[in-house]
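Fold and contact review
This is what each chain is made of:
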Amino acid sequence: MKTRVFLVAALMLAALSLSPKTFAADITVSDAWARATPPKAKSAAAYLGLKNNSGEADQLIAVKSAIAKKTQIHRTSMENGIMKMGRVEGIDVPAGGMAMLKPGGHHVMFMGLKQQLKEGSHFPLTLVFAKAGEVTAMVKVMKPGGMGHHHHH
Ligand SMILES: [Cu+2]
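The rules behind these values
- Residues numbered from 1 in each chain as written.
- Predicted model: local features only at pLDDT ≥ 70, side-chain atom pairs only at ≥ 80, totals over all residues.
- Core = buried A, V, L, I, M, F, W, Y, C linked by C-beta atoms within 7 Å.
- Buried ≥ 20, exposed ≤ 12 C-beta atoms within 10 Å, placed from the backbone.
- Helix = DSSP H or I, 4+ residues; strand = E, 2+ residues; numbered from the N terminus.
- Contact = placed C-beta atoms within 7 Å.
- Pairing = 2+ DSSP bridges.
- pLDDT = per-residue confidence, 0-100.

1. Regarding the nonpolar core
Membership of the largest hydrophobic core comes to 28 residues, with the highest contact counts inside it found for Ala46, Val108 and Leu125. No other element matches the six residues that strand β2 (residues 43–52) contributes to this core. Those residues in contact with Val108, other than ones at most four positions away along the chain, are Ala45, Ala46, Val63, Thr71, Ile73, Leu101 and Leu125.

Following this line, the structure appears as structure tokens:
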């Protein structure tokens with residue numbers, strides 16, 4: 001009898017672990033852009049909007065790209081009037097809601113750039129979500145703007 005109960009439990013677990021795929025959270029990426037860099041820049045940042053079309057909260061948990069040695073999720077914040085930034089574990093995307101990565105807030109950080117980001121070019125960026133899995137977006141490289149400098153700490 002014990003074996004049968006165990007088997008039923010195992011089947012239920014199997015069904016549960018399949019459900020994230022069956023009911024995949026649908027994430028839409030909008031306006032992905034990065035600022036053009038000077039020829040020998042070591043780092044760059046990208047910004048984008050995330051829309052969660054599902055009824056389940058999701059979270060951006062990792063970012064991947066081929067343009068840099070390291071690609072991380074960062075957040076810029078003001079501390080005693082000084083702009084700082086650091087790595088964050090993830091960004092929540094509420095059910096039916098949005099998350100914005102924009103200058104002065106969350107951004108995707110490329111460290112150890114392998115190539116110059118030239119205005120008008122595009123590169124792929126893979127976003128990894130806790131529930132929706134991997135979503136690849138094309139990032140458009142825009143004119144270097146007048147936004148403030150990034151300071152590493
Ligand atoms: Cu950063």
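2. As for the environment of Arg75
Along the chain, Arg75 turns up in strand β4 (residues 68–79). Residues Arg75 and Leu101, spaced 26 residues apart in sequence, show a C-alpha to C-alpha distance of 8.8 Å. Among residues more than four places away in sequence, those in contact with Arg75 are Met85, Gly86, Val88, Gly105 and His106.

3. So, the environment of Met100
The residue Met100 is located in strand β7 (residues 98–101) in this model. As a C-alpha pair, Met100 and Val29 span 71 residues in sequence and 9.9 Å in three-dimensional space.

4. Comments concerning the pairing of strand β5 (residues 82–87)
Of all six residues in β5, zero are buried, a share of ten percent or less. As judged from the six bridges shared by β4 and β5, these two strands associate in the antiparallel manner. Note on β5: the bridge partner recorded for Glu79 is Ile82. Hairpin geometry of β4 and β5 is characterised by an intervening segment of two residues between the two adjacent antiparallel strands and by a positive phi of about 50 degrees at Asn80.

5. Points about unusual backbone geometry
Backbone geometry places Asp31, a non-glycine residue, at a positive phi of 45 degrees. Residue position: Asp31 is located in strand β1 (residues 27–35). A tally of 13 C-beta atoms within 10 Å means that Asp31 is categorised as partly exposed. For Asn80, which is not glycine, the phi dihedral falls at a positive 50 degrees. Position of Asn80 among the secondary structure elements: in the loop between β4 and β5.

6. Regarding the confidence of the model for the chain
Predicted confidence across the chain gives a mean pLDDT of 86, with 78% of residues reaching 70 or more. Within the model, the stretch residues 19–25 combines pLDDT values under 50 with eleven contacts to residues more than four positions away or in other chains.

7. Notes on the environment of Val128
Mapped onto the fold, Val128 is located in strand β9 (residues 122–129). Among residues more than four places away in sequence, those in contact with Val128 are Ile61, Ala62, Val63, Lys64 and Glu134.

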